[in-house]
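# Architecture at a glance
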Amino acid sequence: MTLCATAIVPGLAHAAYPEQPIKMVVAYASGGGTDIIARLLAQYMQKHMGNNASIVVMNRPGAGGAIGFRELVNAKPDGYTIGFINTPNVLTIPIERKVSFHWSNYDLLGNVVDDPGNFSVHADTPIKSLGELAAYAKANPGAVTYGTTGIGSDDHLAALMFERAAGVKLTHVPFKGGAEVHNAIASKQIFMAAMNIGEALQYQKGGTPLRHLGQMSDKRSNFAANVPTFKEQGFNVIMASLRGIAAPKGLPPAVREQLVNAVQKAVSDPEFQAEASNYFAPLRYLAPAAYAAELKEDEAEFQQLWQVMPWTDK
């Protein structure tokens with residue numbers, strides 16, 4: 001009797017990973033900044049994984065990202081479910097309430113984007129600076145409605161910080177994702193959009209008449225050199241959203257290595273970088289260990305913030 005090679009050679013009994021499509025979970029609605037970069041990254045991860053890899057983006061919006069984060073952490077750790085985790089939401093939600101996920105419950109694969117926060121108003125609005133916004137809000141308490149991607153999001157926390165710094169009261173309107181915030185500001189349903197500068201520039205390029213009042217970075221982003229920072233305008237507010245890739249804890253080592261390499265190679269690909277630039281996505285690759293260190297540091301800062309400025313009822 002003749003034995004086939006796969007019956008006697010270890011490791012050849014099955015095709016190489018991946019043997020089926022990989023699901024990429026995005027915890028926000030389609031059309032937002034995370035969704036757009038996810039669909040772009042998926043193409044380049046497929047390219048660098050080889051073996052006819054297929055990555056399918058699945059949107060799971062709601063609860064400020066908690067629905068998608070929970071689905072990701074509870075998935076089988078076999079390499080066929082990966083997804084984006086966003087700060088501060090993945091850090092702040094477990095601080096404010098009991099949930100089934102924590103950043104340490106994921107296998108981190110690498111950070112991709114670091115997008116500073118920003119305030120934008122419709123171009124028809126006469127407000128042209130943060131100082132004018134503060135003056136208007138003082139004269140009209142609660143009249144400034146602002147949209148965010150949810151309670152405890154970077155946008156929400158930044159607005160609370162601005163309220164505190166300016167001595168004003170704004171009215172929060174949470175949505176399920178950046179695309180919904182965009183639709184609300186475009187149709188003038190809200191007075192202001194608290195959204196990341198990359199997203200705001202992308203929507204402006206798409207034809208939405210927006211005016212950006214300030215970006216929440218230490219220095220002006222190369223993408224928005226004409227938009228002053230909050231610090232320049234006298235408000236010490238620095239806030240950004242990390243958008244990275246993770247998987248359920250416990251991936252087989254070889255699969256984890258393959259996914260980590262695919263993320264790193266995709267983000268380093270000049271073609272990916274050029275396309276990401278067209279979407280105003282500020283790339284900042286962090287390898288898993290560096291990504292974990294940053295999440296740990298940020299979590300400690302948000303825990304301190306929760307003690308002095310809780311973003312929801314305790």
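The following refers to the structure shown. (Residues numbered from 1 in each chain as written. Predicted model: local features only at pLDDT ≥ 70, side-chain atom pairs only at ≥ 80, totals over all residues. Heavy atoms only, no water.)

Looking now at the overall build of the chain. For the chain, the helix and strand inventory stands at 11 helices and 11 strands. Against the compact-globule benchmark of 20 Å for 314 residues, the chain has a radius of gyration of 21 Å, which places it among compact chains. Relative to its full complement of 314 residues, the chain shows a buried share of 53%. Contacts spanning at least 24 positions in sequence make up 77% of the contacts within the chain whose residues lie at least 6 apart. Surface summary for the chain: the accessible area is close to 13400 Å², and the carbon and sulfur share equals 52%. With 26 positive and 27 negative side-chain charges, the chain shows a separation of 3 Å between the mean positions of the two kinds. (Helix = DSSP H or I, 4+ residues; strand = E, 2+ residues; numbered from the N terminus. Rg over C-alpha atoms; globule rule 2.2 N^0.38 Å. Buried < 20%, exposed > 50% of the residue type's maximum accessible area, 1.4 Å probe, protein only. Contact = heavy atoms within 4.5 Å. Areas by Shrake-Rupley, 256 points an atom, 1.4 Å probe, with all protein chains shown as cover. Lys, Arg positive; Asp, Glu negative; His and termini not counted. Charge placed at Lys NZ, Arg CZ, Asp CG, Glu CD.)

Turning our eyes to something else, we now look at the packing of helix H2 (residues 33–49) against helix H10 (residues 270–278). At their nearest, the axes of H2 and H10 sit 11 Å apart, and the two run at 170° to each other. Comparing the axis directions of H2 and H10 gives the class roughly antiparallel. Touching Ile37, Leu40, Leu41, Tyr44 and Lys47 of H2 are Glu271, Phe272, Glu275 and Ala276, all from H10. When its residues are assigned to classes, the contact of H2 with H10 shows six nonpolar, no polar and three charged. (Axes fitted to C-alpha atoms, helices over the stretch in contact; angles between N-to-C directions. Parallel < 35°, antiparallel > 145°, perpendicular 65-115°, else oblique. Nonpolar A, V, L, I, M, F, W, Y, C, P; charged D, E, K, R; others polar.)

Along its 13 residues, helix H6 (residues 154–166) runs 18 Å from first to last C-alpha, staying within 8% of the 18 Å computed at 1.5 Å per residue. Across the 13 residues that make up H6, a large majority, 11, are buried. Restricting attention to buried positions, one finds in H6 the residues Asp154, Asp155, His156, Leu157, Ala158, Ala159, Leu160, Met161, Phe162, Glu163 and Ala166. Phi for Gly167, located one or two positions after H6, is positive at around 70°. (Expected span 1.5 Å × (residues − 1).)

Looking now at the pattern of salt bridges. Within this structure, the stated rule accounts for 13 salt bridges. A salt bridge links Lys47 to Glu271; the nearest nitrogen and oxygen atoms lie 4.0 Å apart. A residue pair is termed long-range when its members are at least 10 positions apart, and Lys47 in helix H2 and Glu271 in helix H10 qualify at 224 residues. Judged by relative accessible area, which is 46%, Lys47 ranks as partly exposed. Salt-bridge contacts for Arg284 lead to Asp114; the nearest nitrogen and oxygen are separated by 2.9 Å. With Arg284 in strand E11 (residues 283–286) and Asp114 in strand E4 (residues 106–116), this pair connects stretches of sequence that are 170 residues apart. The class of Arg284 is partly exposed, set by a relative accessible area of 30%. Classification of Asp114 as partly exposed rests on a relative accessible area of 22%. Several salt bridges share partner residues, and in doing so they unite Lys23, Arg60 and Glu71 into one network. (Salt bridge = Lys/Arg side-chain N within 4 Å of Asp/Glu carboxyl O.)

Turning next to the layout of surface pockets. In this structure, the largest pocket occupies an estimated 530 Å³ of space. Forming the boundary of the largest pocket are 22 residues, of which Asp114, Ile238, Met239, Ala240 and Glu294 lie nearest the centre. Among the secondary structure elements, those contributing two or more residues to the lining of the largest pocket are E4, strand E10 (240–248), E11 and helix H11 (288–308). Per-class residue counts for the lining of the largest pocket are 13 nonpolar, four polar and five charged. (1 Å grid on protein atoms, 1.4 Å probe; cavity = no way out; pocket = protein on both sides within 12 Å on 5 of 7 lines; lining within 4 Å. Points joined across faces, edges and corners; volume = space filled by probe spheres on them.)

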